[in-house]
Amino acid sequence: MTSVTVQGVAKSFGGRQVLEGIDLEVPQGNLTAVLGPSGCGKTTLLRIIAGFVHPDAGVVRLGGLPVVGAGHRTLPPQRRRVGYVPQEGALFPHLDVRANITFGLPRGLRRGPRLADMLDLVELPRGVASRYPHELSGGQQQRVALARALAPDPAVVLLDEPFSSLDASLREGTGRAVARALHAAGATAILVTHDQGEALSLADQVAVMRAGRLAQVAAPPELYRSPADTEVATFVGRAAVLPGHVTDGFAQCALGEVVVGSSDVRGDALVVVRPEQITMSSPRDGLVEARVADVTFYGHDTAVHLEVLPSGPAVVARIFGVQVPARGAVVSLEVSGQVTAFGLPPRPLD
Ligand code: ATP
């Protein structure tokens with residue numbers, strides 16, 4: 001396995017810029033998620049790395065060696081040693097699992113231990129080897145697709161929304177099994193997804209893509225705790241973005257005085273508060289009060305929609321346990337932990 005380096009990659013289709021100035025480093029053995037809304041250019045980036053699409057500018061290196069870019073000879077897809085796992089329909093319907101997995105292997109290796117190794121790696125029983133794709137569940141099919149991509153021992157594995165056709169219950173388990181298999185194989189992998197939960201829970205690092213540019217590349221906890229801007233903050237998890245004023249590491253905002261994590265922000269700012277940071281209690285003097293507008297019970301936790309009194313804003317608190325306040329109740333709010341604040345430019349003088 002090998003590293004992937006993307007430098008200054010740009011691509012337009014019919015005069016419309018789809019990717020611009022993409023820089024991305026995926027170290028050897030790392031699982032990187034490219035996370036972004038539909039149409040932001042994720043698949044195009046994956047296809048450029050695979051060699052199916054030629055970039056207008058920039059360089060792609062696999063293991064330090066340029067595979068495309070000005071002044072470099074372009075390596076065709078079949079010589080890049082890249083395994084590709086597409087969204088769905090990846091398997092040949094007329095071939096059994098054995099033939100699907102060993103499809104890209106030299107003839108001599110098709111009957112060897114490679115098939116059993118691959119089934120073990122993706123945590124499928126060896127007995128499925130003789131089954132046809134229509135005899136497997138969607139999650140099993142995606143594991144076979146991964147086994148087929150890994151069988152020829154690729155340098156890099158690219159996965160394009162591989163779980164999007166699975167229902168929620170299969171998605172999580174299949175995602176974790178696939179991530180385990182990639183790590184066990186020591187694979188360098190790029191996973192394209194629009195699902196922030198999938199990106200945060202499976203990847204070693206997440207590259208947030210927005211309108212053809214990378215807004216931030218960071219490990220999941222850092223991305224969640226220290227988003228680059230308010231858009232990343234609200235795209236990666238829920239957050240209330242509140243106007244405030246920062247002095248000496250504390251922000252005054254609609255939720256009272258809160259502790260700011262970043263020390264260099266001063267003056268007018270936007271303050272990002274996560275739902276799990278908001279705690280509620282019976283009304284108490286000196287604390288901000290809010291009315292419960294709605295309650296959404298999820299089982300493992302509950303989202304409480306609140307309207308800060310007397311006139312807003314609306315915020316959401318996420319609480320655990322079954323003791324939830326009733327709709328219409330008035331509660332006091334506090335914010336625990338540190339919040340992120342983004343400084344605003346000074347207001348022009350009147
Ligand atoms: P999704 O999550 O919906 O698959 P995406 O983030 O992967 O979206 P891309 O598939 O990379 O986005 O597409 C980005 C933009 O480029 C879209 O507007 C798409 O229509 C356009 N596009 C992609 N491939 C081509 C092509 N071969 N010719 C013309 N336009 C294209």
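Every value quoted in this text rests on a predicted model; they were computed, and no experiment measured them.

## Observations regarding the side chain of D96
Reasoning step 1: Inspection of the secondary structure puts D96 in the loop between β6 (82-85) and α2 (97-101).
Reasoning step 2: A distance of 2.9 Å separates a polar side-chain atom of D96 from the backbone nitrogen of A99.
Reasoning step 3: Those residues in contact with D96 that sit more than four places away from it in its chain are A129, S130, R131 and Y132.

## Comments concerning the packing of aromatic side chains
Reasoning step 1: The full count for this structure, using the stated rule, is two aromatic pairs.
Reasoning step 2: With a centroid separation of 4.6 Å and 50° between ring planes, the pair formed by F92 and F103 is classed as tilted. Placement of the pair is F92 in the loop between β6 and α2 and F103 in the loop between α2 and α3 (114-121), with a sequence separation of 11 residues.
Reasoning step 3: Assessed through its relative accessible area of 28%, F92 is described here as partly exposed.
Reasoning step 4: Cation over ring: R148 sits above F92, and NZ or CZ is 4.9 Å from the ring centre.

## Regarding the environment of V59
Reasoning step 1: Topologically, V59 is positioned in strand β4 (residues 57-62).
Reasoning step 2: The class for V59 is buried, based on a relative accessible area of 15%.
Reasoning step 3: Between the C-alpha atom of V59 and that of G197, which follows or precedes it by 138 residues, the distance is 30 Å.
Reasoning step 4: Those residues in contact with V59 that sit more than four places away from it in its chain are T5, V6, Q7, V9, P66, V68, G69 and H72.

## With respect to the domain arrangement of the chain
Reasoning step 1: Domain boundaries assigned for the chain yield domain 1 (4-232) and domain 2 (239-343).
Reasoning step 2: For domain 1 versus domain 2, the distance between C-alpha centres works out to 38 Å.
Reasoning step 3: Both faces considered, domain 1 and domain 2 share a buried interface measuring about 550 Å² in area, 57% of it formed by carbon and sulfur atoms.
Reasoning step 4: Among the residues domain 1 hides against domain 2, the three largest losses belong to Y224, P227 and T230. Together they make up 80% of the total.
Reasoning step 5: On the surface where domain 1 and domain 2 come into contact, there are zero salt bridges.
Reasoning step 6: Our enumeration of links across domain 1 and domain 2 arrives at three residue pairs in polar contact (both at pLDDT 80 or more).

Each value, and the rule that gives it
Residues numbered from 1 in each chain as written. Predicted model: local features only at pLDDT ≥ 70, side-chain atom pairs only at ≥ 80, totals over all residues. Heavy atoms only, no water. Helix = DSSP H or I, 4+ residues; strand = E, 2+ residues; numbered from the N terminus. Polar contact = N/O pair within 3.5 Å; in protein donor to acceptor, adjacent residues only side chain to side chain. Contact = heavy atoms within 4.5 Å. Phe/Tyr/Trp six-rings, centres within 6.5 Å; stacked < 30°, edge-to-face > 60°. Buried < 20%, exposed > 50% of the residue type's maximum accessible area, 1.4 Å probe, protein only. Lys NZ or Arg CZ within 6 Å of the ring centre and 35° of its normal. Domains from an automatic or database assignment. Buried area = accessible area lost by both parts, 1.4 Å probe. Salt bridge = Lys/Arg side-chain N within 4 Å of Asp/Glu carboxyl O.

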